[in-house]
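# Overview (structure and organization)
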Number of protein chains: 2
Amino acid sequence: MSTPSEVRASFRSGSSRTTAGLADGFQQANLVAVPAEHAFDFLLFAVRNPAPCPIVDVVEAGRWTPSVAPGADLRTDLPAYRVWRDGDLVAEPGDVTGAWRDDLVSFLLGCSFTFEHVLVAAGIPLRHLATGGNVAMYDTTRPCRPAGVFSGNLVVSMRPIPAGRVDDVVRICSALPWAHGAPVHVGDPAALGIADLARPDYGDAAEVAPGEVPVFWACGVTPQNVLRHSRIPFAITHAPGHMFVTDRPADAAP
Amino acid sequence: MSTPSEVRASFRSGSSRTTAGLADGFQQANLVAVPAEHAFDFLLFAVRNPAPCPIVDVVEAGRWTPSVAPGADLRTDLPAYRVWRDGDLVAEPGDVTGAWRDDLVSFLLGCSFTFEHVLVAAGIPLRHLATGGNVAMYDTTRPCRPAGVFSGNLVVSMRPIPAGRVDDVVRICSALPWAHGAPVHVGDPAALGIADLARPDYGDAAEVAPGEVPVFWACGVTPQNVLRHSRIPFAITHAPGHMFVTDRPADAAP
């Protein structure tokens, strides 16, 4: 198994792939970098919406090395990035050194890859990992708490869980607030405004088999939705599934 | 017993006293209001130092009514304020309507009055409440994590706890992260750089009797120390012990 610094070095030297299953046992993180003029609003949005946007680290303007990964470079060490202008996705490069600006403040936000590792270690089966697909994700009708220019609805991920293990899942995830925490809903998709589980808005549909219950978590796609909605002039994020791998163990509080 | 809104109304109409024991069972909060240009740095300081600065609410520039107390006015509803210029305390008025600025962002931070209420309800004796004194507080040599212009050492409060109840105290307070959370240290004052328990830096000394252990919590005086150290041009805070009383129950998460 590769260490987090080996994984980051491979991306820095040009390779690219999803980070699912990489450097197992270490926290992974969503990246959102916004100009300093919008940094207060985004930090406040994250504080007000800790389930979709749990703050793992904040790197101030003019810097690109987070405290959760000494020696790393946020401009090169992710496998794929997204560059946003006026709310539009304009590029998906493997390196953003050229696009980086001195006024960018970087936010690392917790990721479901972290809690999936802990659930699997506890013997909870996760279908999308077994089938090799991406997790199913849905837009909801539940508004986030707005902050300044940032507002929008919560995005959730869904995993079918055997009914007898739902209590374990809730207990385990409640102890991982830096990785989205406890599920936001168990059971009824309609309660979140989801019309059809078979048609996710992002990722791949997952069958809910007899004896299983759909369990919904706040999702790290939420901030990208909010970013698009805000139409701020410039931002850089990771590409979905292509996360920043930190040196912090999955079960360690920030 | 008065309700939170009755307590706030009495301060709005000019009365002033410490809020210790007022509107028992409701969360109280420290107030720190800084100009928008310093708001990102202060919010990040609070995020990085959740033990001394647990965020209960943030009120954006141009507003003075927090979500935790609909109808309240942060400019009039505290019993006493402090006005700071260039890091110096320049006034302690009972109303700051005249000093308020449109660019002030207000932070409400959790307060030990909240967890003291819960401890007393659990039958834990607290000496300073029995004697009618103020809790003992100490400067430590433990640095806070800095953020932008804000840096400084942690301030702690100390309460002597019967040795047999220390486990209960840690368990109860761990569940109240919005009120400073678990103690930061139990037992040895020297571990925090405190030379003499009998000489607190703020508040009144409390005897540690035989069979008792000194227990130390991160303290809401920390941000005022940090504010003084930063020497930013302008800020408004509550006066120590003269807190904002919210409508939120003491045991309710923000």
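Residues numbered from 1 in each chain as written. Chains lettered and ligands numbered in written order. Predicted model: local features only at pLDDT ≥ 70, side-chain atom pairs only at ≥ 80, totals over all residues. Heavy atoms only, no water.

This part takes up the sheet that holds strand β6 (residues 136-143) of chain A. Adjacent strands of a sheet form backbone hydrogen bonds with each other and so pair up, either parallel or antiparallel. Residues and elements named next belong to chain A. Ordered in space as β6-β7-β9-β8, the 4 strands form an open sheet in which the pairing is antiparallel. Whereas interior strands pair on both sides, the edge strands pair on one side only; in this sheet they are β6 and β8 (185-186). Sheet topology note: the β6/strand β7 (residues 153-162) ladder contains 5 bridges and is antiparallel. The residue of β7 that forms the bridge with M137 is S157. (Pairing = 2+ DSSP bridges. Helix = DSSP H or I, 4+ residues; strand = E, 2+ residues; numbered from the N terminus.)

In this complex, chain B contributes 16 residues to the contact, which on the side of chain A involves 16 residues. Buried surface at the junction of chain B and chain A, summed over both partners, amounts to about 1,100 Å²; 66% is from carbon and sulfur atoms. When the area that chain B buries against chain A is broken down by residue, the three leading residues are F40, L43 and E60 of chain B, summing to 46%. A salt bridge links R48 of chain A to E60 of chain B, with the nearest nitrogen and oxygen atoms 3.0 Å apart. (Contact = heavy atoms within 4.5 Å. Buried area = accessible area lost by both parts, 1.4 Å probe. Salt bridge = Lys/Arg side-chain N within 4 Å of Asp/Glu carboxyl O.)

All names here are of chain B. Strands sit in the order β6-β7-β9-β8 across an open sheet of 4 strands; the sheet is antiparallel. The two strands at the open ends of the sheet, each matched to only one other strand, are β6 (136-143) and β8 (185-186). Relative to strand β9 (residues 212-218), β8 runs antiparallel, the two sharing 2 bridges. Within β9, the position partnered with H185 by the bridge is F216.

Once rolled over the atoms, a probe with the size of a water molecule shows which space is left empty. Residue and element names in this part refer to chain A. Computed from the structure, the second largest pocket encloses a volume of approximately 580 Å³. Residue lining of the second largest pocket: 37 residues in total, with A20, S112, F113, E116 and N134 positioned closest to the centre. Among the secondary structure elements, those contributing two or more residues to the lining of the second largest pocket are β1 (26-35), α3 (112-121), α4 (127-131) and β7. Residues belonging to the lining of the second largest pocket are distributed by class as follows: 13 nonpolar, 21 polar and 3 charged. Each of domain 1 (4-111 + 230-249) and domain 2 (113-222) gives at least three residues to the lining of the second largest pocket. (1 Å grid on protein atoms, 1.4 Å probe; cavity = no way out; pocket = protein on both sides within 12 Å on 5 of 7 lines; lining within 4 Å. Points joined across faces, edges and corners; volume = space filled by probe spheres on them. Nonpolar A, V, L, I, M, F, W, Y, C, P; charged D, E, K, R; others polar. Domains from an automatic or database assignment.)

Attention now moves to the relation of the copies chain B and chain A. Of the two same-sequence chains, chain B is brought onto chain A (RMSD 0.0 Å, axial shift 0.0 Å) by a rotation of 180°. Between the two chains, the operation in question is that of a two-fold axis. When each C-alpha of chain B is compared by its distance to the rotation axis, F40 of chain B comes out closest, at 2.3 Å. Taken as a fraction of all interface residues of chain B, those also at the interface in chain A reach 100%, which identifies the copy contact as same-surface. (Least-squares fit on C-alpha atoms with pLDDT ≥ 70 in both.)

Any functional reading would require information beyond the geometric quantities listed.
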